[in-house]
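Structural overview
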Amino acid sequence: MGSQVIVAHRCDPYDVRDAKVSGDLGQILYNQIDLRDEDSIRRSIKYSNVVINLIGRDFATKRFSLEQVHVEGARRIARLSKEAGVERLIHLSALNATEKPKRIILPKGSEFLASKWRGEQAVREEFPEAVIIRPSDIFGAEDRFVNYYVRGGRRVFKYMPLWKSGEATWKQPVHSSDVAAGIINAITSPIAPGRIIDAVGPKRYQLSELVDWMFRLMRRSPEMWGYIRGPLDPFTILKIACSSAFAFKFSKSDWQRVEREYVTDERTPGALDLEDLGITNLKPMEDYVPWLVKGSRAYNYYTDDLGEFPDAGIPPSSSGARNAELLV
């Protein structure tokens, strides 16, 4: 493992300026790239013995389609890494990636998951011994899982719309630090090359129970605030359609995001997991989500007495073990 970290980025150089002090002088280097410019990618990897591809998009933009990012870009990075003599390539995909995703709302299922699967095949063709990591929904500071549900724009006033009220979907979220530790261990693990690794958390939760629990933590329970959870309503469907059609550059609720939101997490047959990489103390949501949603609590600046607000409890869950059955 090298002594320097070269971070290839696509943003303005001023956006990464403050991050340069995250390591010793000269040990954290930044190089601006364009995913379509092979020379810029070569400059980033030509002295590297390990390459970690974290590039991905939740939705298509005017400049890049999901195919260009997840498939063509992944293939290009894998091919150039092989040409540069990179010893180990780690490719971040997504849990539930499959050739033909099951339909939830959209007729063809999630194009995000389908493009992620095609990207895995492209990487395997160019770099057969690459390590493919499939993380589930990731939670942590500034995440796009917990924050997605607690933000005001996700609900309609006090009504939280979910497909089938969230009762047909099960999730196995993983903490960001566990994914990071898994990536680091995959660099040196002798069993990782050429394998798929499912990066999932220790517990499975029914989406409806998980969202209800988040709102109890925010002191927005049905009794205190009037919170209501139910199926997708016409106003939400119209909002998603408009977001997909007119605001896709900054979309947080387009049809692709909504389709993937309700896919039940399923482990990949024959895949390794984080425990196989030596990550044994996986972090459950109960230990971290109360802090993550604290900024969204009602009466946040009110000094309450002990026991004045009811305890939010913990959401029902089942074991995240490979062969565990769901609690239904």
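That block above? That's the structure.
On a predicted model such as this, the values are computed, not experimentally measured, just so you know.

Parameters and conventions
Residues numbered from 1 in each chain as written. Predicted model: local features only at pLDDT ≥ 70, side-chain atom pairs only at ≥ 80, totals over all residues. Heavy atoms only, no water. Core = buried A, V, L, I, M, F, W, Y, C linked by side-chain atoms within 4.5 Å. Buried < 20%, exposed > 50% of the residue type's maximum accessible area, 1.4 Å probe, protein only. Helix = DSSP H or I, 4+ residues; strand = E, 2+ residues; numbered from the N terminus. Contact = heavy atoms within 4.5 Å. Pairing = 2+ DSSP bridges. Axes fitted to C-alpha atoms, helices over the stretch in contact; angles between N-to-C directions. Expected span 1.5 Å × (residues − 1). Arc of directions from axis to C-beta. Polar contact = N/O pair within 3.5 Å; in protein donor to acceptor, adjacent residues only side chain to side chain. Phe/Tyr/Trp six-rings, centres within 6.5 Å; stacked < 30°, edge-to-face > 60°. Lys NZ or Arg CZ within 6 Å of the ring centre and 35° of its normal. Parallel < 35°, antiparallel > 145°, perpendicular 65-115°, else oblique. Left-handed = near helix turned anticlockwise from the far one by under 90°.

A few points about the nonpolar core
Phe 145, Val 146, Tyr 149, Val 211, Met 214, Met 285 and Val 289 are the most contacted members of the largest nonpolar core, which totals 34 residues. Listing elements by their share of this core, those giving two or more residues are α3 (111-126), α4 (146-150), α6 (207-217) and α9 (289-292). Not counting residues within four places of it along the chain, the set of residues in contact with Val 211 comprises Tyr 149, Met 160, Leu 162 and Tyr 227.

Describing the sheet that holds strand β11 (residues 203-206)
Taken together, the three strands give an open sheet; going across it, the order is β8-β11-β14, and neighbouring strands pair in antiparallel fashion. Looking at which strands have only one partner, the edges of the open sheet turn out to be β8 (170-171) and β14 (317-319). Across two bridges, the pairing between β8 and β11 is antiparallel. From the neighbouring strand, Trp 170 faces β11, where its bridge partner is Gln 206. Across the face of the sheet, α6 comes into contact with β8 and β11 while running at roughly 85° to β11.

Brief notes about helix α7 (residues 234-246)
Counted at 1.5 Å a residue, the expected span for α7 with its 13 residues is 18 Å, and the 18 Å between its end C-alpha atoms agrees. For α7, the full list of buried residues reads Thr 236, Ile 240 and Ser 243. The buried residues of α7 occupy one face: seen down the axis, they fall within an arc of 65°. Of the residues in α7, the exposed ones pointing more than 90 degrees away from the buried face are Pro 234, Leu 238 and Phe 246. Buried residues along α7 sit against β7 (159-161) and α8 (255-261). Capping of α7 at its N-terminal end is provided by Asp 233; its side-chain oxygen lies 3.2 Å from the backbone amide nitrogen of Phe 235.

Notes on the sheet that holds strand β5 (residues 131-135)
Picture the strands of a sheet paired through backbone hydrogen bonds; they go either parallel or antiparallel. The sheet built from five strands is open, its strands ordered β3-β4-β5-β10-β13 with parallel pairing. Of all the strands in the sheet, just β3 (50-53) and β13 (272-273) have a single pairing partner and so form its edges. Pairing of β5 with strand β10 (residues 196-199), which is carried by four bridges, proceeds in the parallel orientation. Counted as the bridge partner of Arg 134 is Asp 198 from β10. On the sheet, helix α5 (residues 176-188) packs against β3, β4 (88-92), β5 and β10 and is oriented at approximately 155° with respect to β4.

Describing the environment of Ser 221
Assignment of secondary structure puts Ser 221 in the loop between α6 and β12 (228-230). With a relative accessible area of 8%, Ser 221 lands in the buried category. With 50 residues separating them along the chain, Ser 221 and Ala 271 place their C-alpha atoms 39 Å apart. Apart from residues lying up to four places away in sequence, Ser 221 is in contact with Phe 215, Arg 216, Gly 226 and Tyr 227.

Looking at the packing of aromatic side chains
For the structure on display, the rule yields six aromatic pairs. With a centroid separation of 4.5 Å and 20° between ring planes, the pair formed by Phe 215 and Tyr 227 is classed as stacked. Note that Phe 215 is positioned in helix α6 and Tyr 227 in the loop between α6 and β12, a separation of twelve residues in sequence. Look at Phe 215 and you get buried, because its relative accessible area is 0%. Look at Tyr 227 and you get buried, because its relative accessible area is 6%. When the centroid spacing of 5.7 Å and the interplanar angle of 25° are considered together, the rings of Tyr 299 and Phe 309 count as stacked. Within this pair, whereas Tyr 299 is found in the loop between α9 and β14, its partner Phe 309 is found in the loop between α9 and β14, the two being separated by ten residues in sequence. Using a relative accessible area of 48% as the deciding quantity, one classes Tyr 299 as partly exposed. The exposure class assigned to Phe 309 is buried, which follows from its relative accessible area of 17%. Of the aromatic side chains, those joined through ring pairs into one cluster are Phe 145, Tyr 148 and Tyr 149. Over the face of the ring belonging to Phe 59 we find Arg 57, whose NZ or CZ atom lies 5.0 Å from the ring centre. One cation-aromatic arrangement involves Arg 219 over Phe 309; the distance from NZ or CZ to the ring centre is 4.1 Å.

Examining the packing of helix α2 (residues 66-83) against α3
Orientation of α2 relative to α3, taken along the N-to-C sense of each, is 15°, at an axis distance of 8 Å. Overall, the two elements α2 and α3 adopt an arrangement that is roughly parallel. Regarding α2 and α3, the two cross each other, and that crossing is right-handed. Along its contact with α2, which presents Leu 66, Glu 67, His 70, Val 71, Ala 74, Arg 75, Ala 78, Arg 79 and Lys 82, the element α3 presents Glu 111, Phe 112, Ser 115, Lys 116, Arg 118, Gly 119, Ala 122, Val 123, Glu 125 and Glu 126.

Focus: the packing of helix α1 (residues 38-45) against α2
The geometry of α1 relative to α2 is characterised by a closest axis approach of 10 Å and an angle of 50° between their N-to-C directions. With respect to each other, α1 and α2 are oriented oblique. Between α1 and α2 lies a crossing of right-handed hand. Along the contact surface, α1 presents Glu 38, Ile 41, Arg 42 and Ile 45, while α2 presents Arg 76, Ile 77, Arg 79, Leu 80, Ser 81 and Glu 83.

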